[in-house]
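# Structural description and commentary
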Amino acid sequence: MTIKGNACVIAIDCQGGPLNQDSKFYDPEYVEIIKRDRKLLDRCREIGIPIIYLQEVHRDNGFDFGRELEGDENKHCLESSPYTAVAEEELGRIPDKEPLIQKRRYSGFLYTELEVCLSAFGVHPNDTLILIGGFTDVCVHYTFVDAHQRDYRLRVVKDCVQPSTPKAGESALEAMRYLQHEAPVTFDEMMAELDEYEVSHKG
């Protein structure tokens, strides 16, 4: 497998709340995911692959939740919550080079400037988007589907995404594989693809 065309990483809802041991959301498995995310992002920075962050945010009064609360979701990602902020320090975000796009829905493409930013980076349909973040079965999955329908090539790094439950995560990865067979990859496979990308884009 090789990355086709230009590439961009989409870091989806990498919130910092679960990293804080004093937080009610603390998750040691998520801590390890963020560490792998950072290694992948640093490698992309080395070889010039741009990075875009997505952050789900909702108004405190619930005005913009739409139908999100009619299933298993409780109120989440409120503007006033300290747990909504992206883990910028842990991921090494460079604010003037790595856009942060807020979204009100699960998909990063719906009602956002994501396509504008991708175009500004020279990344267009038939180029490759590398997806990391959470949840595998919700925001990652829906962003993947919308990217697929816009004719982007996709990679979703299986050990750099967090599922809501293990079963839901596996089902989502299988659904993504159904759409693009080569899309789900491991961290090690992705790092090898990045090495190949660096060689092919030298000069």
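Here we summarise the structure given alongside this text. (Residues numbered from 1 in each chain as written. Predicted model: local features only at pLDDT ≥ 70, side-chain atom pairs only at ≥ 80, totals over all residues. Heavy atoms only, no water.)

### Quick word on the overall build of the protein
The condition that has to hold: Only DSSP runs of H or I with at least four residues qualify as helices, and only runs of E with at least two residues qualify as strands; both kinds are numbered from the N terminus onward. The globule rule used for comparison is 2.2 Å times the number of residues to the exponent 0.38, while the radius of gyration itself is calculated over C-alpha atoms. Partly exposed describes any residue whose relative accessible area lies between the buried limit of under 20% and the exposed limit of over 50%, with all areas from a 1.4 Å probe on protein chains only and scaled to the type maximum. By definition in these notes, contact holds between two residues if any of their heavy atoms fall within 4.5 Å. Per-residue and other accessible areas follow the Shrake-Rupley method at a 1.4 Å probe size, with only the shown protein chains counted as cover for residues. This count recognises Lys and Arg as positive and Asp and Glu as negative, with His and chain-terminal groups excluded. One atom stands in for each charge, and that atom is NZ of Lys, CZ of Arg, CG of Asp or CD of Glu.
If you tally the helices and strands in the protein, you get six helices and six strands. Walking the protein from its N terminus toward its C terminus, one meets helices and strands in the order β-α-β-α-β-α-β-α-β-α-β-α. Computed over C-alpha atoms, the radius of gyration of the protein comes to 16 Å, within 12% of the 17 Å expected from 2.2 N^0.38 for 203 residues, which places it in the range of a compact globule. In the protein, buried positions account for 48% of the 203 residues. Within the protein, counting contacts between residues at least 6 apart in sequence, those at least 24 apart form 76% of the total. Just so you have it, the protein exposes about 10300 Å², and 48% of that area is on carbon and sulfur atoms. Taking the 23 positively charged and 37 negatively charged side chains of the protein as two groups, their mean positions are separated by 2 Å.

### Remarks on the sheet that holds strand 6 (residues 184-185)
Test applied: A pair of strands is labelled paired if DSSP reports no fewer than 2 bridges between them. In this analysis an axis means a line fitted to C-alpha atoms, helices contributing only their contacting stretch, and an angle means the value between N-to-C directions, from 0 to 180 degrees.
Spatially, the six strands line up as an open sheet ordered 3-2-1-4-5-6, and their pairing is parallel. Taken across any chain shown, the strands that pair with only one partner, and hence form the sheet edges, are strand 3 (100-103) and strand 6. Where strand 1 (residues 7-12) lies against strand 2 (residues 51-56), four bridges are found, and the strand directions are parallel. Residue pairing across strands places Ala11 opposite Tyr53, the latter belonging to strand 2. Sitting on the sheet, helix 4 (residues 136-149) touches strand 1, strand 2, strand 3, strand 4 (128-134) and strand 5 (153-162), and the angle it makes with strand 4 is about 165°.

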